[in-house]
Each structure stands twice: as structure tokens, then as C-alpha cells.
Amino acid sequence: MELIPKKLLFFLIRSRNRVFIPFVIVYVLFCSYLAFEIEPSTFGTYFNAMWWVMTTLTTVGYGDYSPITTLGRTFAMFLYITGIGIFGVVIGKVINSITVMKRWREEGKMNFTGKDHLIIVGWSAKSELAIREILTSEPHVEIVLIADLRKTPILEERVHYVRGRATEEQTLLSANILKSKGVIIFASYIQNDVHISDPILLDGKTLLVATAINALEEKYKARIHVTVEVINQDHINMFKHVRIEEFIPSYEMVSHAAVRSLFTHGVTDIYAELMSRTYGENLYEIEKRPHWNTYREAFFELLDEGATLISDGSDLYINQKLSDPIPPKAKLFVICDRETYDKIKAAPHS
């Protein structure tokens with residue numbers, strides 16, 4: 001007979017949660033029923049009996065209810081013995097579940113279910129810097145990193161790792177790409193812990209990822225903002241058949257800045273500030289206000305509010321066309337700090 005509790009305990013330890021949890025629930029309900037049947041006058045209601053069973057199984061009871069008959073006290077001793085074993089298994093399974101979830105998260109095996117997040121594809125020094133930038137500048141935005149590494153290369157609360165090839169639909173869906181703000185595809189120099197340096201292979205893989213995202217857009221009738229890093233600028237023509245919103249020039253911009261620095265000393269400092277947040281300034285897109293007719297009206301009104309209008313899309317020659325009308329679909333960009341930008345967005349304008 002003494003082997004029965006031991007066998008039962010081993011069975012519970014080995015059982016899966018879908019079996020174990022219902023067993024515990026049934027066990028508590030049944031013991032509550034027996035307690036109430038044994039001493040109905042002591043407990044008064046079935047709920048009070050259940051309360052006593054729960055406190056007896058998990059602690060030593062609160063003393064508000066206690067059996068007074070020999071049968072009732074014998075049953076209580078049975079609960080003491082079984083309760084220690086069963087709830088010990090409960091605690092063990094909870095801890096094990098937490099450990100498993102932590103391991104799955106680190107290994108990129110868990111799907112991301114949030115929305116309005118940013119997706120970074122590919123792991124490199126640049127993608128790490130991009131993640132750090134987002135964590136610093138956007139405190140409420142979550143990030144999903146897609147890479148094919150054995151474990152996540154970055155442990156941050158707001159960074160969720162999905163392991164897999166971004167060329168596969170299931171990997172992209174695991175990152176919940178359809179509900180994301182957008183995707184940045186960085187050249188992935190590491191694949192299965194093997195370093196890749198050939199620009200053709202790097203840009204070719206980037207092209208395949210962009211194509212996979214476009215196919216997903218067509219299949220689910222979605223629109224996803226895609227920004228890609230191209231290692232060799234000559235390869236940009238390869239992307240003409242896929243929809244890409246923006247390109248990240250890897251070498252061209254650096255080379256241009258280096259050359260200009262020889263003729264205009266200090267120009268690299270300006271480039272660095274525009275590409276970083278050293279002084280808390282940043283580029284932001286703002287909506288055209290209904291009462292703005294020309295760029296001049298927008299320029300001076302924003303200047304009074306602490307922001308500098310610098311471009312309409314990629315057109316940086318605002319100062320030469322102040323008298324021109326602002327088109328309805330203008331993409332106006334300003335330089336200012338985050339606090340000023342938030343005030344501009346929140347201010348009512350007729």
C-alpha cells in the first residue's frame with residue numbers, strides 16, 4: 001500500500017501540464033466535497049470546506065475551520081501528507097515552466113504577439129547600434145530581432161528574438177510582421193555561426209528577404225515599410241523589382257563625408273550629429289497644417305516653436321523655394337529635440 005502514493009507522485013511528476021493541472025483541480029474539488037460530507041456542521045458550506053482544503057494543502061491552515069471528529073482529523077492528516085507532495089510538484093512545474101520559457105526566449109523559439117513593433121533582420125555591429133538607438137530614443141517601442149543564431153545575441157527586456165531565416169514565411173509571421181511598424185534589413189555577416197564577407201552574397205540574401213516580405217504583403221494584402229542596407233551601391237539596381245521604401249548606403253555616404261572634410265573642415269561633425277543623437281536632436285516627420293500655403297509659412301512658424309524645417313522628402317532645398325506652395329502629399333522633416341516634437345504634434349492647429 002505504501003507504494004501507491006509514491007507511484008502516484010512519480011506519475012504526476014512525469015505527466016504533462018494538460019494532465020496534471022486538471023488532476024489537481026479535480027483533487028481539490030473532490031477533497032472539498034469529502035470534507036463537507038464528513039463534517040457539514042463544521043464548515044457550513046461547500047465553499048468553506050474548499051477554503052479549508054486549500055489552506056491545509058498549501059499551508060498549515062488558518063485555524064478558522066478545523067475538523068473535530070476522528071474521521072475528520074484523519075482526513076486532515078491525509079491532506080497534510082498528500083498536499084506536501086502534490087503542491088511540491090506544482091511549484092516544481094511552475095519553476096520548470098519559467099525556465100523553459102526563458103530558454104525558448106533565448107533560443108528564439110517563441111512567437112511575438114505584440115503589435116506596432118520594429119523588426120530588425122540580421123545581426124551585425126550596425127544592427128546592434130540600431131537596436132540601442134531604438135531602446136534609447138523610443139522608450140515604449142518593442143523590437144523583434146530575426147537572425148539565425150543559436151541564442152539571442154542581445155538580452156534586453158524590450159528585444160524579442162526569433163530564430164530562423166527571414167526568407168521563410170513562417171519566420172516572418174513568428175515575428176508578427178503584419179502588425180509591425182516596419183522592417184530594417186541589415187546585411188547579415190553571420191549565418192549559422194559562419195562569417196560571410198562577400199558583398200554579392202550579403203546583398204543577394206538581403207534581396208531574397210525583401211522579396212519574401214513583398215510576397216507576404218501581396219498574400220495578406222498588407223503594407224510594410226521596408227528599409228534595407230546595401231553593401232555595394234551598384235547592387236541597388238537588383239532591387240528595382242521589389243518594393244523598398246528606403247536604402248541605407250553603407251560606403252557611399254562615408255566616402256562622400258571623408259572627401260568633403262578635406263575641403264570643409266568640421267563637416268564630418270555635422271554628418272555625425274545628423275546621424276546620431278549626441279545633443280538630443282533628431283529628424284522627425286510632421287504633418288502639413290491646413291493653414292500652411294507656402295514653405296515660408298511653415299518654416300517660420302516651426303522656427304518659432306523651436307524646430308527647423310529642412311526638407312520635403314529628399315528635397316533639401318527648402319530655403320530656395322520658400323515662396324512655393326506646399327503640395328498636399330508633402331513629407332516635411334524637421335530637426336528638433338523630442339520634447340519640441342511632442343509639443344508640435346500635440347498643439348491644436350486650425
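Peer 1: Pulling in residues and values, what's your account of the overall build of the protein chain?
Peer 2: Scanning the protein chain from terminus to terminus reveals twelve helices and eleven strands. In the protein chain, which comprises 350 residues, the share counted as buried stands at 37%. Restricting the contact set of the protein chain to residue pairs at least 6 apart, pairs at least 24 apart contribute 60%. Just so you have it, the protein chain exposes about 21500 Å², and 61% of that area is on carbon and sulfur atoms.

Peer 1: Let's hear about helix α4 (residues 46-58): which residues, and what values?
Peer 2: Its 13 residues give α4 an end-to-end C-alpha distance of 18 Å, which sits within 8% of 18 Å, the value for a rise of 1.5 Å per residue. Turning to α4, its buried residues are Asn-48, Ala-49, Trp-52, Val-53, Thr-55, Thr-56 and Leu-57.

Peer 1: Give me the lowdown on the pattern of salt bridges, citing residues and values where you can.
Peer 2: Side chains carrying opposite charge are able to pair once their charged atoms draw close together. Tallying each qualifying case throughout the model produces 18 salt bridges. The salt bridge partner of Lys-321 is Asp-315, with a shortest N-O separation of 2.7 Å. With a closest N to O distance of 3.3 Å, Asp-342 and Arg-338 form a salt bridge. Of this pair, Asp-342 and Arg-338 both sit in helix α12 (residues 338-346), separated by four residues, roughly a single helical turn. Connected via shared salt-bridge partners are Glu-217, Arg-223, Arg-243 and Glu-245.

Peer 1: Talk me through the environment of Phe-47; I want residue IDs and the actual numbers.
Peer 2: Along the chain, Phe-47 falls in helix α4. In this structure, the C-alpha to C-alpha distance between Phe-47 and Ser-32, residues 15 residues apart in sequence, is 8.0 Å.

Peer 1: Describe the side chain of Glu-39, naming the residues involved and giving the relevant values.
Peer 2: Mapping Glu-39 onto the fold places it in the loop between α2 (17-38) and α3 (40-43). There is no salt bridge for the buried Glu-39, and the closest opposite charge comes from Arg-73, which lies 6.4 Å off by N-O distance. A polar atom in the side chain of Glu-39 sits 2.9 Å from the backbone nitrogen of Ile-68. Ignoring anything within four residues of it in the chain, the contact list for Glu-39 reads Ser-66, Pro-67, Ile-68, Thr-69 and Gly-72.

Peer 1: Describe helix α6 (residues 125-137), naming the residues involved and giving the relevant values.
Peer 2: Over its 13 residues, α6 extends 18 Å from the first C-alpha to the last, a length consistent with the 18 Å expected when each residue adds 1.5 Å. Along α6, the positions that sit buried rather than exposed are Ser-127, Ala-130, Ile-131, Ile-134, Leu-135 and Ser-137. The secondary structure elements touched by the buried residues of α6 are β1 (118-121), β2 (143-147), β3 (159-163) and α12.

Peer 1: Lay out a nonpolar patch on the surface in plain terms, naming residues and giving numbers.
Peer 2: Judged by side-chain polarity, Ile-21, Ile-25, Leu-29, Phe-30, Tyr-33 and Tyr-46 come together as a nonpolar surface patch covering roughly 570 Å² of accessible area. Tallying contributions element by element places α2 first for the nonpolar patch, with five residues. Among the secondary structure elements, Ile-25 is positioned in helix α2.

Peer 1: Go over the packing of α4 against helix α5 (residues 70-106) with me, naming the residues and quoting the values.
Peer 2: Between two packed helices, both the angle of their axes relative to each other and the distance between the axes serve to describe the pair. Contact geometry of α4 with α5 gives a least axis separation of 7 Å together with a crossing angle of 60 degrees. The angle between α4 and α5 places the two elements in the oblique class. The two elements α4 and α5 meet at a crossing, and its hand is right-handed. For the pair α4 and α5, contact is made by Trp-52, Val-53, Thr-56, Leu-57 and Thr-58 and by Phe-75, Ala-76, Leu-79, Tyr-80, Thr-82, Gly-83 and Phe-87, respectively. Of the residues in the contact of α4 with α5, the class split is eight nonpolar, four polar and no charged.

Peer 1: Go over the nonpolar core, please, and point to the residues and values.
Peer 2: Counting residues in each nonpolar core, the largest one holds 25 residues, and the members touching the most others are Ile-146, Ile-185 and Ile-213. Where this core is concerned, the elements lending two or more residues are β1, β2, β4 (182-185), α8 (199-220) and β7 (226-230). Of all hydrophobic cores here, the second largest spans 18 residues; its members include Ile-286, Leu-309, Leu-332 and Cys-336.

Peer 1: Hey, could you go over the environment of Leu-201 for me, with residue numbers and the actual values?
Peer 2: Here Leu-201 lies in helix α8. Taking the C-alpha atoms as reference points, Leu-201 and Ser-188, 13 residues apart in sequence, are found 9.6 Å from one another.

Peer 1: Tell me about unusual backbone geometry, and please be specific about residues and values.
Peer 2: Within the chain, Asp-116 stands out as a residue other than glycine whose phi angle is a positive 55 degrees. Looking at the element boundaries, Asp-116 is found in the loop between α5 and β1. Classification of Asp-116 as partly exposed rests on a relative accessible area of 44%. Unlike most non-glycine residues, Asn-176 shows phi in positive territory, near 55 degrees. Structurally, Asn-176 is set in the loop between α7 (169-174) and β4.

Peer 1: Please set out the pairing of β4 residue by residue, giving values where relevant.
Peer 2: Two faces make up the sheet, and in a regular strand the side chains alternate between them. Where β1 meets β4, four bridges bridge the pair, whose relative direction is parallel. Following the sheet pairing, Leu-118 is matched in β4 by Gly-182. Here β4 pairs with β7 via three bridges, running parallel. Looking at the pairing, Ile-185 lines up with Val-228 of β7.

What counts, and where the lines are drawn
- Residues numbered from 1 in each chain as written.
- Predicted model: local features only at pLDDT ≥ 70, side-chain atom pairs only at ≥ 80, totals over all residues.
- Heavy atoms only, no water.
- Helix = DSSP H or I, 4+ residues; strand = E, 2+ residues; numbered from the N terminus.
- Buried < 20%, exposed > 50% of the residue type's maximum accessible area, 1.4 Å probe, protein only.
- Contact = heavy atoms within 4.5 Å.
- Areas by Shrake-Rupley, 256 points an atom, 1.4 Å probe, with all protein chains shown as cover.
- Expected span 1.5 Å × (residues − 1).
- Salt bridge = Lys/Arg side-chain N within 4 Å of Asp/Glu carboxyl O.
- Lys, Arg positive; Asp, Glu negative; His and termini not counted.
- Polar contact = N/O pair within 3.5 Å; in protein donor to acceptor, adjacent residues only side chain to side chain.
- Patch = residues over 30% accessible without salt bridge, like charges linked within 9 Å, V, L, I, M, F, W, Y side chains within 5 Å.
- Axes fitted to C-alpha atoms, helices over the stretch in contact; angles between N-to-C directions.
- Parallel < 35°, antiparallel > 145°, perpendicular 65-115°, else oblique.
- Left-handed = near helix turned anticlockwise from the far one by under 90°.
- Nonpolar A, V, L, I, M, F, W, Y, C, P; charged D, E, K, R; others polar.
- Core = buried A, V, L, I, M, F, W, Y, C linked by side-chain atoms within 4.5 Å.
- Pairing = 2+ DSSP bridges.

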